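One letter stands for each residue in the lines below.
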Amino acid sequence: MNDMPNGSVTITLEGTNKSIRAPLVQATVGPPVADIRKLYSDLGIFTFDPGFGMTAACESKITYIDGDQGILLYRGYPIEQLAESSDFIEVSYLLLHGELPTAAQLEEFKKGVTMHTMVHEQIRRFYDGFRRDAHPMAVLCGVVGALSAFYHDTLDITDERQREIAAFRLIAKVPTLAAMAYKYSIGQPFVYPRNDLSYAENFLYMLNAVPAEEYKVNPILAKAMDRILVLHADHEQNASTSTVRLAGSTGANPYACIAAGIAALWGPAHGGANEAVLKMLGEIGKPENIPAFISQVKDKNAHTKLMGFGHRVYKNFDPRAKIMKETCHEVLAELGIKDEPLLDMAMEMERIALSDDYFISRKLYPNVDFYSGIILKAMGIPTSMFTVLFAVARTVGWVSQWKEMIEDPSQRIGRPRQVYTGATSRDYREVAARG
Ligand code: SDX
């Protein structure tokens, strides 16, 4: 924990003379935190914060979000600048190492990733065990976890060099495994990665190439894919990253931790929302049906959410959604797609929602998932691969957060407490004695 205590909060147990001074630990930007680690020993109470909405689980230097201002910084650099001027491999270096690389560092890092893009040939056999119609996220979750069955030389998390190689392997192999999951689902042969392509180009190549003919990656799609990967790379302590940190806090190997993150990301409330947005827009069908859908969303008994809207942290526009929307227009224009009904419908949905008090009062704005699916569909990516793409991008964020946690000297196993409201101690009764 940084040694910048500055002030404190006093917590007093009413009706007693017991109180504690919880030191305030200042952030470099954003709210300070009250260090309440002595709360139980001094006052005999825990805090209660379901969903950890008000709890800082760790200290981190990687990503900062200001939800009220709609600000997102990777290692201090605004996401807008990185999306405009950087690329995914450089952003990966930045997230992992904390600084933008020199030209030499970037070249070496690129080579490190490129030399790890292939997977052990036997891993191909795992895919044969899945049904062809298995969801690619189910496949990815399984095969990433299985990497720990192959790479025994990088399972000692206390060894810095092994951590570094595991990081290269995960960042480099997840796109290969993801593309293999897609190829398997459509009955096409797996396509090996190529060392002469960029990260985004390679991913598109492995998704779309076939052995029967030369495949040239469309530079427009490669640039759009790279920007989408940058936008999804990290997002501080979201559900899947917290899952990776919790799994890693037990000493589990990095491949198992990232597989846990993939599982958590899959949920429709989290990374699965991009796929759910397309499904929602498809079910609504046409713009004239939007008002009826919005009424359904506002009806609590309908249990319907406007997918791609709302966020635990952003109570303003998700800056990624803004960039994604702009990219949407650019990609469609560059692809010569004059009118995309889904985009028209999404924009009309956004217009209606942002003028409706239900959404305004709850500060519900489009998040990163609202427009991403529309671009990906225009790029020819199948809906079932949207969350897989999110996982490909987020792997570097997960690995960076996992590395930061392992290297934090104050790190200890994560173990939340509870407030128990169940039965107090009682004696067992034989079945004959039960009412
Ligand atoms: C991601 O955490 C991250 O950083 C995640 C992420 C990342 O990069 O890792 O940004 C990626 O997961 C983005 C979010 C993608 N999910 C969706 O688009 C699914 C739809 N959104 C909701 O499920 C919801 O907004 C969450 C899960 C994103 C946030 O939920 P919270 O913070 O628990 O908010 P809440 O449920 O407390 O909502 C407050 C109110 C409630 O209404 P009331 O009970 O006050 O009447 O807002 C309502 C909610 O019902 N509400 C919505 C809504 N989201 C919240 N109502 C309609 N549609 C929605 N989408």
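Bear in mind that the values here come from a model prediction, so they are computed numbers and not experimental data. (Residues numbered from 1 in each chain as written. Predicted model: local features only at pLDDT ≥ 70, side-chain atom pairs only at ≥ 80, totals over all residues. Heavy atoms only, no water.)

The secondary structure content of the chain amounts to 18 helices and six strands. Taking 435 residues into account, the globule formula puts the C-alpha radius of gyration at 22 Å, and the chain, at 24 Å, falls close to it. Projecting the C-alpha coordinates of the chain onto the three principal axes gives extents of approximately 80 × 65 × 60 Å. Here the chain holds 435 residues, and the buried ones make up 46% of them. Long-range contacts, defined here as pairs at least 24 residues apart, represent 69% of the contacts in the chain between residues at least 6 apart. For the chain, the computed accessible surface area is about 22,100 Å², with 53% contributed by carbon and sulfur atoms. The average position of the 45 basic charges and that of the 51 acidic charges among the side chains of the chain differ by 5 Å. (Helix = DSSP H or I, 4+ residues; strand = E, 2+ residues; numbered from the N terminus. Rg over C-alpha atoms; globule rule 2.2 N^0.38 Å. Buried < 20%, exposed > 50% of the residue type's maximum accessible area, 1.4 Å probe, protein only. Contact = heavy atoms within 4.5 Å. Areas by Shrake-Rupley, 256 points an atom, 1.4 Å probe, with all protein chains shown as cover. Lys, Arg positive; Asp, Glu negative; His and termini not counted. Charge placed at Lys NZ, Arg CZ, Asp CG, Glu CD.)

Relative to the 18 Å expected for 13 residues at 1.5 Å per residue, helix α15 (residues 341-353) spans 18 Å between its end C-alpha atoms, a close match to the ideal helical length. Those residues of α15 that are buried are in contact with α12 (273-284), α13 (290-298), α14 (319-334), α16 (357-361) and α17 (368-378). Between the side-chain oxygen of the N-cap and the backbone nitrogen of Leu-342 there are 2.9 Å, and the N-cap of α15 in question is Glu-340. (Expected span 1.5 Å × (residues − 1). Polar contact = N/O pair within 3.5 Å; in protein donor to acceptor, adjacent residues only side chain to side chain.)

Take the pattern of salt bridges next. According to the stated counting rule, one finds 18 salt bridges in the structure shown. Sharing partners across several salt bridges, the network here consists of Glu-84, Arg-227 and Glu-330. (Salt bridge = Lys/Arg side-chain N within 4 Å of Asp/Glu carboxyl O.)

Attention now goes to the nonpolar core. In terms of nonpolar packing, the biggest core is built from 125 residues, with Tyr-127, Val-144, Leu-177, Met-280, Leu-306, Met-349 and Met-379 touching the most fellow members. Broken down by element, the residue count for this core peaks at 14 residues, all from helix α7 (residues 160-185). With near-sequence residues (within four places) excluded, Tyr-127 lies in contact with Val-139, Val-143, Leu-177, Met-180, Ala-181, Tyr-184 and Phe-190. (Core = buried A, V, L, I, M, F, W, Y, C linked by side-chain atoms within 4.5 Å.)

The antiparallel open sheet is built from three strands, whose spatial order is β4-β5-β6. Because the sheet does not close on itself, it has two edges, and the strands there are β4 (63-66) and β6 (77-78). (Pairing = 2+ DSSP bridges.)

Quick look at the site of the ligand now. Residues in contact with the ligand amount to 24 residues; listed here are only the nearest, His-235, His-311, Arg-312, Arg-320 and Arg-394. Taking Arg-312, its side chain carries an N or O atom lying 2.7 Å from an oxygen atom of the ligand. Within the side chain of Tyr-358, an N or O atom sits 3.3 Å from a nitrogen atom of the ligand. Considering the ligand on its own, with 1,100 Å² of exposed area, one finds that the protein chains cover 76% of that surface. Its residues assigned to classes, the shell around the ligand shows 10 nonpolar, seven polar and seven charged. (Near = heavy atom within 4 Å. Nonpolar A, V, L, I, M, F, W, Y, C, P; charged D, E, K, R; others polar.)

In this section: the packing of α12 against helix α18 (residues 386-406). Viewed as axis vectors pointing N to C, α12 and α18 meet at an angle of 155°, and their least axial separation amounts to 7 Å. Taken together, the axes of α12 and α18 lie roughly antiparallel to each other. Between α12 and α18 the crossing geometry is right-handed. The residues of α18 that touch α12, namely those facing Asn-274, Glu-275 and Leu-278, are Phe-386, Thr-387 and Phe-390. Looking at side-chain class alone, the contact of α12 with α18 contains three nonpolar, two polar and one charged residues. (Axes fitted to C-alpha atoms, helices over the stretch in contact; angles between N-to-C directions. Parallel < 35°, antiparallel > 145°, perpendicular 65-115°, else oblique. Left-handed = near helix turned anticlockwise from the far one by under 90°.)

So, on to the environment of Ala-264. By the element assignment, Ala-264 lies in helix α11 (residues 254-265). On the basis of relative accessible area, Ala-264 is assigned to the partly exposed category, the value being 25%. C-alpha separation for the pair Ala-264 and Thr-241, spaced 23 residues apart in sequence, amounts to 8.6 Å. For Ala-264, the contacting residues outside a window of four places in its chain are Ala-239, Ser-240, Thr-243 and His-270.

A separate point is the packing of α12 against α15. Two measures define how a pair of helices packs: the angle their axes make with one another and the distance between the axes. The interhelical angle for the contact between α12 and α15, taken along N-to-C directions, is 95°, at an axis separation of 11 Å. For the element pair α12 / α15, the angle class is roughly perpendicular. Here α12 contributes Leu-278, Met-280, Leu-281 and Ile-284 to the contact with α15, which in turn contributes Leu-342, Met-345, Ala-346 and Met-349. Along the lines of polarity and charge, the residues of the contact of α12 with α15 split into eight nonpolar, no polar and no charged.

According to the stated counting rule, one finds zero disulfides in the structure shown. The closest cysteine sulfur to the non-disulfide-bonded Cys-58 is located on Cys-257, 14 Å from its own sulfur. Looking at Cys-141, it has no disulfide partner, and the nearest cysteine sulfur is the one in Cys-257, 13 Å off. Assessed through its relative accessible area of 22%, Cys-141 is described here as partly exposed. (Disulfide = S-S within 2.5 Å.)

Where β4 and strand β5 (residues 71-74) come together, four bridges link them in antiparallel fashion. Within β5, the residue paired with Ile-65 across the bridge is Leu-72. Count of turn residues in the β4/β5 antiparallel hairpin: four residues, of which Gly-70 carries a positive phi of about 70°. Examined bridge by bridge, β5 and β6 share two bridges and lie antiparallel to one another. For Tyr-74, the partnering residue across the bridge sits in β6 and is Tyr-77. Counting the residues that bridge the hairpin from β5 to β6 gives two residues, and of these Arg-75 lies at a positive phi of roughly 50°.

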